[in-house]
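Fold and geometry: a report
Each chain, written out:
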Amino acid sequence: MAYTVIWYGKKGIVEKTPFDAEKAARDYALSIFPDRKSGIVAVEVRKDDGTVVFSKAGGS
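Heads up: these notes are all about the structure in this document. Each chain has its residues counted from 1, following the order in which its sequence is written. In keeping with the predicted nature of the model, local features appear solely for residues at pLDDT of at least 70, side-chain atom pairs appear and are counted solely at 80 or more, and the whole-chain, interface and lining totals rest on all residues. Side-chain metrics in this entry use all non-hydrogen atoms of the structure; hydrogen atoms and water are not considered.

Now for the pattern of salt bridges. Throughout this description, the term salt bridge denotes a Lys or Arg side-chain nitrogen within 4 Å of a carboxyl oxygen of Asp or Glu. With the rule as written, the count across this model stands at three salt bridges. One salt bridge in this structure joins Glu22 and Arg26, with 2.6 Å as the shortest N-O distance. Taken together, the residues Glu22 and Arg26, both in helix H1 (residues 22–32) and four residues apart, mark about one turn of the helix. Note on exposure labels: buried denotes an accessible area under 20% of the residue type's maximum, exposed denotes more than 50%, and partly exposed covers the range between, all computed with a 1.4 Å probe on protein chains only. Judged by relative accessible area, Arg26 falls into the partly exposed class, the value being 27%. One salt bridge connects Arg46 with Glu44, and the closest N-O pair in it is separated by 2.8 Å. Accessibility expressed as a relative area gives 24% for Arg46, which makes it partly exposed. Helix and strand labels come from DSSP, where a helix needs a run of H or I of at least four residues and a strand needs a run of E of at least two; each type is numbered from the N terminus.

In structure tokens:
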């Protein structure tokens, strides 16, 4: 199953990054989120069917 990390800014989606595994996607989102806080308000990990499996909000 494919997973996508979706980065959200104040005006919507900023970037999408595909992954093959949920753990890799979640680890990536958690490790990069603190560095991307400028302009990023949330990050989500979604399955290819659209189900959200992880999300984190916060930032500027």
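All right, on to the environment of Gly50 then. With respect to the helices and strands, Gly50 occurs in the loop between strand E3 (40–47) and strand E4 (52–57). The exposure class of Gly50 is partly exposed, given its relative accessible area of 33%. For the pair Gly50 and Tyr3, spaced 47 residues apart in sequence, the C-alpha separation works out to 9.0 Å.

A word on the sheet that holds strand E2 (residues 12–19). Across the sheet, which stays open at both edges, the four strands sit in the order E2-E1-E3-E4 with antiparallel pairing between neighbours. Looking at which strands have only one partner, the edges of the open sheet turn out to be E2 and E4. Going from strand to strand, the sheet's axes swing by 15 degrees on average, the running direction of each strand aside. Note on pairing: DSSP must find at least two bridges between two strands before they are called paired. Examined bridge by bridge, E3 and E4 share five bridges and lie antiparallel to one another. Note on E4: the bridge partner recorded for Glu44 is Ser55. Two residues form a contact once any of their heavy atoms are found within 4.5 Å. For helices, the fitted line uses only the C-alpha atoms of the stretch in contact; every axis is such a line through C-alpha atoms, and the angle between N-to-C directions lies from 0 to 180 degrees. Of the strands in this sheet, strand E1 (3–9), E2, E3 and E4 touch H1, which is tilted by about 25 degrees from E1.

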